[in-house]
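Listed below, chain by chain, are the residues.
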Amino acid sequence: MITHGKNIKIFTGNSHPQLAHEVASILGLPIGTAKVGTFSDGEISVDIGETVRGADVFLVQSTSAPVNNNLMELLIMIDAFKRASAGRITAVIPYYGYARQDRKAKSRDPITAKLVADLLTAAGAERVLTMDLHAAQIQGYFNIPVDHLMGAPILSKYFVEKGLIDRDDVVVVSPDLGSVTRARRFADRLHAPIAIIDKRRPKANVSEIMNIIGEVKGKRCILIDDMIDTAGTIANAANALKDLGATHVYACCTHGVLSGPAFERINSSAIEELVMLNTIALPEREDLHKFKSLSVAPLIAEAINRIYDDKPLSKLFEG
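Under the annotation held in an unreviewed UniProt entry, the protein chain carries the name Ribose-phosphate pyrophosphokinase and is attributed to Clostridium folliculivorans. Listed under Catalytic activity (unreviewed entry) in UniProt, the entry text for the protein chain is "D-ribose 5-phosphate + ATP = 5-phospho-alpha-D-ribose 1-diphosphate + AMP + H(+)". Word for word, the UniProt comment on the protein chain under Subcellular location (unreviewed entry) is "Cytoplasm".

This is the structure we're talking about:
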């Protein structure tokens, strides 16, 4: 098996072509020629318009909404590259869909994150480059190398430049118990303490009671999570912090899934600014005054460059 292609090529599907073009521009490369569309019955059509024989192919494709279409595009394009004798195929998946289905929470549950890993491998991917997996153990679902980049350094740098480092009135808040480790690492970068929101529902159809572990009164609070989907948790957390005396409430995440009522909830909440990375394309809307998108293209481009040159990525994992 060829482990290193002769030359590097960047391709993209339809999920986030803007990010792929930005990555390619940083690397000084053109985007590979490929047409990805659908037949009249909805089947996905892929036409690779240039040779990839012996090439080191990097396919940039987030498996965001519509998740199943974008996932199938990714799998079919990988299969096309494999059958066209690509030297090595790396699936660059800034947002890994189905990551929340990582274990059996109850009887007869699927572990869809593992199924997706198997599909990617079966299609012909020889390496995966992804970012902030919802569950870190998903790396172990693959029998091929997985490079797992972290978004916290980019997010924390934004707040450092905003002047929120080494201040007595800043606290980093975990919106639930599952995000405590992430919040602690983020807080270390700002030299700030952490607080934890403990949600409890006493019984069915009774609203949640939020207990705050830590001091938030008179503080600038920064909520951090790996993803924000319908925004119920983050919006409720922000409102609870404001009710308990927080002077300012900011929120940040790596993946802005933002489905359903997310935009309305964010805009009507106590959150002053929501900072996200552009692993998922932000839709064009008029109500985005609270939303700030930071680019992951420089980080992904550096990772691609190091993979191609057979250099270590450990510094990128550490940020």
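Novice: Would you mind showing me how to read the pattern of salt bridges here?
Specialist: Pairing is possible between side chains of opposite charge, provided their charged atoms come close. Following the criterion strictly, the structure yields 15 salt bridges and no others. One salt bridge connects K9 with E50, and the closest N-O pair in it is separated by 2.7 Å. Of this pair, K9 sits in strand β1 (residues 8-12) while E50 sits in the loop between β3 (44-48) and β4 (56-60), and the two are 41 residues apart along the sequence. In this structure K9 comes out as buried when scored by relative accessible area, which is 17%. A single network of salt bridges, built from pairs that share partners, joins R167, D169 and R220.

Novice: For this particular structure, what's the right way to read the packing of aromatic side chains?
Specialist: Each aromatic ring pair is characterised by the separation of its centres together with the angle its planes make. With the rule as written, the count across this model stands at six aromatic pairs. Residues F263 and F291 carry aromatic rings whose centres are separated by 5.2 Å and whose planes lie at 45 degrees to one another, so their mutual orientation is tilted. Of this pair, F263 sits in helix α7 (residues 262-267) while F291 sits in strand β14 (residues 291-294), placing them 28 residues apart in sequence. For F263, a relative accessible area of 4% puts it in the buried group. The class for F291 is buried, based on a relative accessible area of 10%. In textbook terms, an aromatic cluster arises when at least three aromatic residues are bridged by ring pairs, as seen for Y158, F159, F186 and Y250. The positively charged end of R285 is found above the aromatic ring belonging to F263, 3.9 Å away from the centroid.

Novice: I'm lost on the packing of helix α4 (residues 152-161) against helix α5 (residues 180-190) in this one. Help?
Specialist: Helix packing geometry: the angle between the two helix axes and the distance between the axes. Running from N to C, α4 and α5 cross one another at 40 degrees; their axes reach a closest spacing of 10 Å. The orientation of α4 relative to α5 falls into the category oblique. The hand of the α4/α5 crossing is right-handed. Listed contacts from α5 to A152, P153, L155, S156, F159 and V160 of α4 are F186, R189 and L190. A class-by-class count of the residues in the contact of α4 with α5 yields seven nonpolar, one polar and one charged.

Novice: Mind showing me how you'd approach the side chain of D229 here?
Specialist: Along the chain, the position of D229 falls in the loop between β11 (220-228) and α6 (232-243). Within the structure, D229 has its side chain in polar contact with the side chain of S259 (distance 2.2 Å). Not counting chain neighbours up to four residues away, the residues in contact with D229 comprise R100, V257, L258, S259 and A262.

Novice: Explain the UniProt feature "binding site: Mg(2+)" (unreviewed entry) in the protein chain to me, please; I cannot follow it from the model alone.
Specialist: Residues given the UniProt feature "binding site: Mg(2+)" (unreviewed entry) here are H134 and D176. Separation in sequence by 43 residues is not matched in space for these annotated residues, since their most distant C-alpha atoms are only 13.8 Å apart. The subset of the named residues that lines the largest pocket consists of H134 and D176. A relative accessible area of 34% places H134 in the partly exposed class. Ignoring sequence-local partners within four residues, the contact set of H134 consists of A99, R100, D226 and M227. As for its position among the elements, D176 is in the loop between β8 (170-174) and α5.

Novice: Would you mind showing me how to read α6 here?
Specialist: Think of an α-helix as turning once every 3.6 residues; residues three or four places apart then point the same way. The end-to-end C-alpha separation of α6 is 16 Å, in line with the 16 Å expected for twelve residues at 1.5 Å each. If you check which residues of α6 are buried, you get G232, I234, A235, A237, A238, A240 and L241. Positive phi appears at G245, one or two residues downstream of α6, with a value of about 105 degrees.

Novice: Please explain the side chain of D147 as it appears in this structure.
Specialist: Considering the arrangement of structural elements, one finds D147 in strand β7 (residues 146-149). In contact with D147, not counting residues within four places along its chain, are R127, V128, L129, T130, I307, L313 and F317.

Novice: Any chance you could explain the UniProt feature "binding site: ATP" (unreviewed entry) in the protein chain here in plain terms?
Specialist: Within the UniProt annotation, "binding site: ATP" (unreviewed entry) is assigned to D41, G42, E43, R100 and Q101. In summary, the annotated positions, distributed over 61 residues, remain apart in three dimensions as well, the widest C-alpha pair reaching 30.2 Å. The subset of these annotated residues that lines the largest pocket comprises R100. A relative accessible area of 39% places R100 in the partly exposed class. Setting aside chain neighbours within four positions, we find R100 in contact with Y95, H134, M227 and D229. Setting aside residues up to four positions removed in sequence, Q101 forms contacts with P110, I111, T112 and A113.

Rules behind the numbers
Residues numbered from 1 in each chain as written. Predicted model: local features only at pLDDT ≥ 70, side-chain atom pairs only at ≥ 80, totals over all residues. Heavy atoms only, no water. UniProt positions renumbered as here; feature names shortened; annotations may be inferred. Salt bridge = Lys/Arg side-chain N within 4 Å of Asp/Glu carboxyl O. Helix = DSSP H or I, 4+ residues; strand = E, 2+ residues; numbered from the N terminus. Buried < 20%, exposed > 50% of the residue type's maximum accessible area, 1.4 Å probe, protein only. Phe/Tyr/Trp six-rings, centres within 6.5 Å; stacked < 30°, edge-to-face > 60°. Lys NZ or Arg CZ within 6 Å of the ring centre and 35° of its normal. Axes fitted to C-alpha atoms, helices over the stretch in contact; angles between N-to-C directions. Parallel < 35°, antiparallel > 145°, perpendicular 65-115°, else oblique. Left-handed = near helix turned anticlockwise from the far one by under 90°. Contact = heavy atoms within 4.5 Å. Nonpolar A, V, L, I, M, F, W, Y, C, P; charged D, E, K, R; others polar. Polar contact = N/O pair within 3.5 Å; in protein donor to acceptor, adjacent residues only side chain to side chain. 1 Å grid on protein atoms, 1.4 Å probe; cavity = no way out; pocket = protein on both sides within 12 Å on 5 of 7 lines; lining within 4 Å. Expected span 1.5 Å × (residues − 1).

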